[in-house]
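Each chain is listed here by its residues.
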Amino acid sequence: MRMTSPSKIMLIACGSFSPPTPMHFRMFEIARDYFEQIGSASVVGGIISPVHDSYGKNGLVSATHRCNMIKIGLQSSDWIRLSEWETQQEEWTRTRLTLQYHQNCINSFLKDANSTNDQHIPSWIPEGLKKTASQVQLKLLCGADLLESFATPGLWKDEDIEAIVGQHGIVVISRAGSNAEQFIFNSDLLSRYRRNITIVTNWITNDVSSTLVRRLLNRGMSVKYLLDDYLIEYIKKHALYGTSNTKYIMPASTSGEMMSISPVSPIIDDDYVECRNELNTLNTLESMDETDFPRNTLNRVFCCGTENESKSSSKGTRGFLTHPGSAVKITTSTITSSSSSGTDSGIVSISQHIVDDKVVPKKLKLSAVQV
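The present account deals with the structure reproduced in this document.

So, how was this worked out
- Residues numbered from 1 in each chain as written.
- Predicted model: local features only at pLDDT ≥ 70, side-chain atom pairs only at ≥ 80, totals over all residues.
- Heavy atoms only, no water.
- Helix = DSSP H or I, 4+ residues; strand = E, 2+ residues; numbered from the N terminus.
- Buried < 20%, exposed > 50% of the residue type's maximum accessible area, 1.4 Å probe, protein only.
- Contact = heavy atoms within 4.5 Å.
- Phe/Tyr/Trp six-rings, centres within 6.5 Å; stacked < 30°, edge-to-face > 60°.
- Disulfide = S-S within 2.5 Å.
- Salt bridge = Lys/Arg side-chain N within 4 Å of Asp/Glu carboxyl O.
- Pairing = 2+ DSSP bridges.
- Core = buried A, V, L, I, M, F, W, Y, C linked by side-chain atoms within 4.5 Å.

Attention shifts here to the overall build of the protein. Helix and strand counts for the protein stand at 11 helices and 10 strands. Counting across all 371 residues of the protein, residues that qualify as buried make up 39%. Nonlocal contacts in the protein, meaning residues at least 24 apart in sequence, comprise 70% of its contacts between residues at least 6 apart.

Describing an aromatic ring pair means giving the distance of the ring centres and the angle of the ring planes. Per the counting criterion, the structure on display carries five aromatic pairs. Pairing Tyr-55 with Trp-92 gives two aromatic rings, centres 5.8 Å apart and planes at 40°, and the pair type is tilted. Of this pair, Tyr-55 sits in the loop between strand 2 (41-50) and helix 2 (63-73) while Trp-92 sits in the loop between strand 3 (80-82) and helix 3 (95-111), and the two are 37 residues apart along the sequence. Look at Trp-92 and you get partly exposed, because its relative accessible area is 41%.

Turning to the state of the cysteines, a few remarks are in order. As used here, a disulfide is simply a covalent bond connecting the sulfur atoms of two cysteines. For the structure on display, the rule yields zero disulfides. For the unlinked cysteine Cys-14, the closest cysteine sulfur is that of Cys-142, found at 9.7 Å.

Helical geometry note: an α-helix holds 3.6 residues per turn, so side chains three or four residues apart project in the same direction. Turning to helix 2, its buried residues number three or more, namely Ala-63, His-65, Arg-66, Cys-67, Met-69, Ile-70 and Ile-72. In this fold, the buried residues of helix 2 make contact with helix 1 (22-38), strand 2, strand 3 and helix 10 (229-237).

Scanning the entire structure with this criterion turns up 10 salt bridges. In this structure, Arg-32 engages Glu-29 in a salt bridge whose closest nitrogen and oxygen atoms are separated by 3.6 Å. With a gap of three residues between them, Arg-32 and Glu-29 both fall in helix 1, about one helical turn apart. For Arg-32, a relative accessible area of 21% gives the class partly exposed. On the basis of relative accessible area, Glu-29 is assigned to the partly exposed category, the value being 23%. Here Arg-175 and Asp-207 are joined by a salt bridge, their closest N and O atoms 3.5 Å apart.

With an omega of -5°, the peptide bond between Ser-18 and Pro-19 qualifies as cis. Among the structural elements, Pro-19 can be located in the loop between strand 1 (7-15) and helix 1. Unusually for a residue other than glycine, Ala-239 sits at a positive phi of about 55°. Positionally, Ala-239 belongs in the loop between helix 10 and helix 11 (270-282).

This next bit is on the pairing of strand 5 (residues 170-175). Within strand 5, five of the six residues are buried, which leaves the element mostly enclosed by the surrounding structure. In this sheet, strand 5 lies alongside strand 4 (residues 136-143) in parallel orientation, the contact comprising four bridges. Bridge assignment links Leu-141 to a residue of strand 5, and that residue is Val-171. Judged from the six bridges that link them, strand 5 and strand 6 (residues 197-202) form a sheet pairing that is parallel. For Ile-170, the partnering residue across the bridge sits in strand 6 and is Ile-197.

Let's shift gears to the environment of Thr-64. Along the polypeptide, Thr-64 turns up in helix 2. Given a relative accessible area of 55%, Thr-64 falls into the exposed group. Counting along the chain gives 11 residues from Thr-64 to Asp-53, while the straight-line C-alpha distance between them is 9.5 Å.

Right, let's talk about the nonpolar core for a bit. Membership of the largest hydrophobic core comes to 34 residues, with the highest contact counts inside it found for Leu-147, Ile-170 and Leu-190. The biggest single contributor to this core is helix 3, with five residues. One finds Met-27, Ile-70, Ile-80 and Val-200 within the second-largest nonpolar core, a separate group that totals 24 residues.

Written out as structure tokens, the structure is:
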């Protein structure tokens, strides 16, 4: 019996990649391992195709940033490449058309035996492809969630699904415990092209999504070990996903200066309302939280305290840190050295200022005022 050589395939993943996570890249490795183990096909290349800016999804930063982040994430890969074709179109392109374009490019490249158009070879075409294959089939690589989205009313056109599955084929990375087979069985359209659907089980669960990463970044929380360190550095450098929001004001080098902590709840005033309305119109992140407040409130310090208007307290001040209770605002005023030993309920702190290049001690009184 004559053994047939395995077919040649390329994998393409379409999506937002805002930001790209290790699982976006890991899917390619999982799929290639599967085909190599069963021997049904040889994976000769991988393509990541980020969506156009006009797609308008929540949390979608510019294509320039997304492409740069994908390049950073792919620095260690020798077979997965970025295609910027979608991002360079005039508007959003349907997945079906994206697959057709890339398949046509592959076919044209393989048919050009004399390499007359080498100067126009897309950067995502694998090197040496002509020497290893005479025909290559492009397949859509996706997660089980995309497969299940085929059943969402109005999201996909039936003719697009039929073209994607029937003409190209899809490779679905499914989690252990999920039932992609059942979903396919329940769909007459997918069942018709079942032979073109490859289900690969990912036995190592990874629930880190772009949505989760954006949420953590917007809240000022760490994403170390969830993203590549160079990718995190890029995000912070360009203030993406809310990383420009100031969570803490770090103390200066002078040891006598106090660190100010942002309030838990913002001051509801005209400036805050105006800033809040402006933030809500941006619609670049999934949601706004309690850390969105105007910058002019950042220098206020809040802590717990309760009202305690004793006779010894000066007018307009409250008791400070007597026990947990309502928030208070710390105000500062310069005091003389003689008043620092008085019975005022304020707290005395020492700061420094510079006069003629000399550090001069300066005493400040901190008073707790109910807000």
